[in-house]
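# Inside the fold
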Amino acid sequence: MIQLRVSADRDRMPSEMQVRELYRAASSGPPLNEPEAVADLFARLYATSSSAEHLHAVSAVEDGRLLAFAYGHRWRWDEQSDQWGTQLRLRLGPAARMLEGTVVLSLLARHPDVAGTGLGARVLDAWLAGLDGEAVWLQTTDISTPALRLYERFGFTPIGHGPDAPDGQPGLVLHRMPTTRKPIEYRVIAGRRGSLVDRC
């Protein structure tokens, strides 16, 4: 049975290796076709995020295997001193102000073995529910992918382009305005493969 784990405690989150393996499986095939080096990069970014303020993660695990994962943290421009952050600010221009103090969804990945089960949507829904309606942003590739359609379904809208994505094109920056959504309670349920939680 798949279990949903919500955590702000870094010691209870997946390991860097688990995140690398999940991202590699999720991104190596179409439509992304990303090289293994991109999975290594995302795993390293995750590993260095442990000191980030407001770190929040949701994992979907079955028999110790990570099937889906989302994590993110508070975004503050005065903490962004690397080239990626500088390029993001320059490319967004005035829209960059929208990101200050929001939460960045650093990664959402779902294993292809559970494609079409709604597991990615459930993990994203649980991750957002834990933020108490705060504004959120992310960067993704600017191509039609199941992830992009999922983000749009959850109310994310484009605000511009940021640093180049792994496909070499400027990444699409999506923003979700604050909401007054009530937290959702979940319970674990048994069912067909990929069934994870049910709203109470």
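Refer to the structure above for everything that follows.
My aim in this report is to walk through the structure given alongside it, one point at a time. (Residues numbered from 1 in each chain as written. Predicted model: local features only at pLDDT ≥ 70, side-chain atom pairs only at ≥ 80, totals over all residues. Heavy atoms only, no water.)

### Details of the overall build of the protein chain
When its secondary structure is counted, the protein chain shows five helices and nine strands. Going from the N terminus to the C terminus, the protein chain shows its helices and strands as β-α-α-β-β-α-β-α-β-α-β-β-β-β. By residue count, 44% of the 200 residues in the protein chain fall in the buried class. Relative to all contacts within the protein chain whose residues are 6 or more apart in sequence, the contacts with residues 24 or more apart total 68%. In the structure as shown, the protein chain presents an accessible area of about 10100 Å², 50% of it carried by carbon and sulfur atoms. (Helix = DSSP H or I, 4+ residues; strand = E, 2+ residues; numbered from the N terminus. Buried < 20%, exposed > 50% of the residue type's maximum accessible area, 1.4 Å probe, protein only. Contact = heavy atoms within 4.5 Å. Areas by Shrake-Rupley, 256 points an atom, 1.4 Å probe, with all protein chains shown as cover.)

### Observations concerning helix 4 (residues 119-129)
For the α-helix, the turn length of 3.6 residues means that residues three or four positions removed from each other point alike. Within helix 4, ten of the eleven residues are buried, which leaves it mostly tucked inside the rest of the structure. By the burial criterion, the buried members of helix 4 are Leu119, Gly120, Ala121, Val123, Leu124, Asp125, Ala126, Trp127, Leu128 and Ala129.

### Structural notes on the sheet that holds strand 5 (residues 136-140)
In spatial order, the strands read 1-2-3-4-5-7-6; together these seven strands make up an open sheet with mixed pairing. Each of the sheet's edge strands pairs with one partner strand only, and the pair in question is strand 1 (3-7) and strand 6 (157-164). Taking each pair of neighbouring strands and ignoring which way they run, the sheet shows an average axis angle of 25°. Of the pairings in the sheet, the one linking strand 3 (residues 65-74) to strand 4 (residues 103-110) comprises seven bridges and is antiparallel in character. For Gly72, the partnering residue across the bridge sits in strand 4 and is Leu105. (Pairing = 2+ DSSP bridges. Axes fitted to C-alpha atoms, helices over the stretch in contact; angles between N-to-C directions.)

### Concerning unusual backbone geometry
Note that the residue after Pro30, namely Pro31, is joined by a cis bond; omega there is 5°. Positioned with a positive phi, Asn33 is a non-glycine residue whose angle comes to about 50°. Mapping Asn33 onto the fold places it in the loop between helix 1 (16-27) and helix 2 (36-48). With relative accessibility at 48%, the residue Asn33 sits in the partly exposed group. Phi at Asp132 takes a positive value of approximately 55°, unusual for a residue other than glycine. Residue position: Asp132 is located in the loop between helix 4 and strand 5.

### Let's talk about the packing of aromatic side chains
Counting across every chain of the model gives eight aromatic pairs. Their ring planes at 80° and their centres at 5.3 Å tell us that Tyr46 and Phe69 sit as a pair that is edge-to-face. A residue pair is termed long-range when its members are at least 10 positions apart, and Tyr46 in helix 2 and Phe69 in strand 3 qualify at 23 residues. A relative accessible area of 0% places Phe69 in the buried class. Taken together, a centroid distance of 5.0 Å and an interplanar angle of 65° make the contact between Tyr46 and Tyr71 edge-to-face. Placement of the pair is Tyr46 in helix 2 and Tyr71 in strand 3, with a sequence separation of 25 residues. For the pair shown, Tyr46 and Tyr71 are each scored as buried. The structure contains a cluster of three or more aromatic residues connected by ring pairs, namely Trp75, Trp77, Trp84 and Trp137. (Phe/Tyr/Trp six-rings, centres within 6.5 Å; stacked < 30°, edge-to-face > 60°.)

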